[in-house]
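Understanding the architecture of this molecule
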Amino acid sequence: MKTVLKIEGLDCANCAAKIEDGVKKIPGVESAKLSFMTQKLTIEAPEDKMDAIIEEATRIAKKIEGDVTVCKLK
C-alpha cells in the first residue's frame, strides 16, 4: 500500500534526507521517498502495518526537525 504524508516546515534538504533514511529503516517499510521541494513523504508498506509506520515516521520527523507538522494526504 502506498501512503503520502505531508511534512510541513522542513528547513533544509539535509534534514529531509535524514528523515527519509530513518523511515527506510522502520520494519515493514518497502520504500520511502521524501521530496524536500514538495514536502511529501511517500511510503510503501503493507496495509496492516501502515498506522504504526506512520506513527514512527512522525516521531522520526519531529526528532530531526522539531517544528514540523505531519499529516496524511487523502
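Anything mentioned here points back to the structure above.
Note that the structure is predicted; figures quoted are calculated from it, not measured. (Residues numbered from 1 in each chain as written. Predicted model: local features only at pLDDT ≥ 70, side-chain atom pairs only at ≥ 80, totals over all residues. Heavy atoms only, no water.)

1. Section: the overall build of the protein chain
Rules: The helix count covers DSSP runs of H or I at least four residues long, the strand count covers runs of E at least two residues long, and both are numbered beginning at the N terminus. For this measure, only C-alpha atoms enter the radius of gyration; the expected value for a globule follows 2.2 Å times N^0.38, where N is the number of residues. We call a residue buried when its accessible area falls under 20% of the maximum for its residue type, exposed when it is over 50%, and partly exposed in between, using a 1.4 Å probe and counting protein chains only. Between two residues, a contact is recorded if the distance between any of their heavy atoms is within 4.5 Å.
Across its full length, the protein chain holds two helices and four strands. Start at the N end of the protein chain and walk to the C end: the helices and strands fall as β-α-β-β-α-β. On C-alpha atoms alone, the protein chain measures out to a radius of gyration of 11 Å, which is about the 11 Å that the 2.2 N^0.38 rule sets for 74 residues. Dimensions of the protein chain along its principal axes, counting C-alpha atoms only, are 30 × 25 × 15 Å. Considering the protein chain as a whole, with its 74 residues, one finds that 38% of them fall into the buried category. Pairs at least 24 residues apart make up 63% of the contacts formed inside the protein chain by residues separated by at least 6 positions.

2. Focus: the environment of Pro27
Assignment of secondary structure puts Pro27 in the loop between helix 1 (13–24) and strand 2 (31–35). Given a relative accessible area of 68%, Pro27 falls into the exposed group. Distance in space between the C-alpha atoms of Pro27 and Pro46 is 10 Å, their sequence separation being 19 residues.

3. Let's talk about the side chain of Glu20
Assignment of secondary structure puts Glu20 in helix 1. A relative accessible area of 12% means that Glu20 is categorised as buried. Look past the residues within four positions of Glu20 in its chain and what remains in contact with it is Ala32, Lys33 and Leu34.

4. Some words on the pairing of strand 2
Cut-off, in case you're wondering: Should DSSP find at least two bridges between two strands, the strands are taken to pair.
Here strand 2 shows a buried face lined by Ala32 and Leu34 and an unburied face lined by Ser31, Lys33 and Ser35. Joining the antiparallel neighbours strand 2 and strand 3 (residues 40–44) is a turn of four residues, in which Gln39 adopts a positive phi near 60°.

5. A look at the sheet that holds strand 4 (residues 69–72)
Cut-off, in case you're wondering: What counts as an axis is a line fitted to C-alpha atoms, over the stretch in contact for a helix, and the angles between N-to-C directions run from 0 to 180 degrees.
Read across the open sheet, the four strands follow the order 2-3-1-4; overall the sheet is antiparallel. Each edge of the open sheet is held by one strand with a lone partner, namely strand 2 and strand 4. This sheet shows a mean twist of 20° between the axes of neighbouring strands, independent of strand direction. The sheet strands contacting helix 1 are strand 2 and strand 3, and the helix crosses strand 2 at an angle near 165°.

By themselves, these are just geometric observations and shouldn't be taken as functional.
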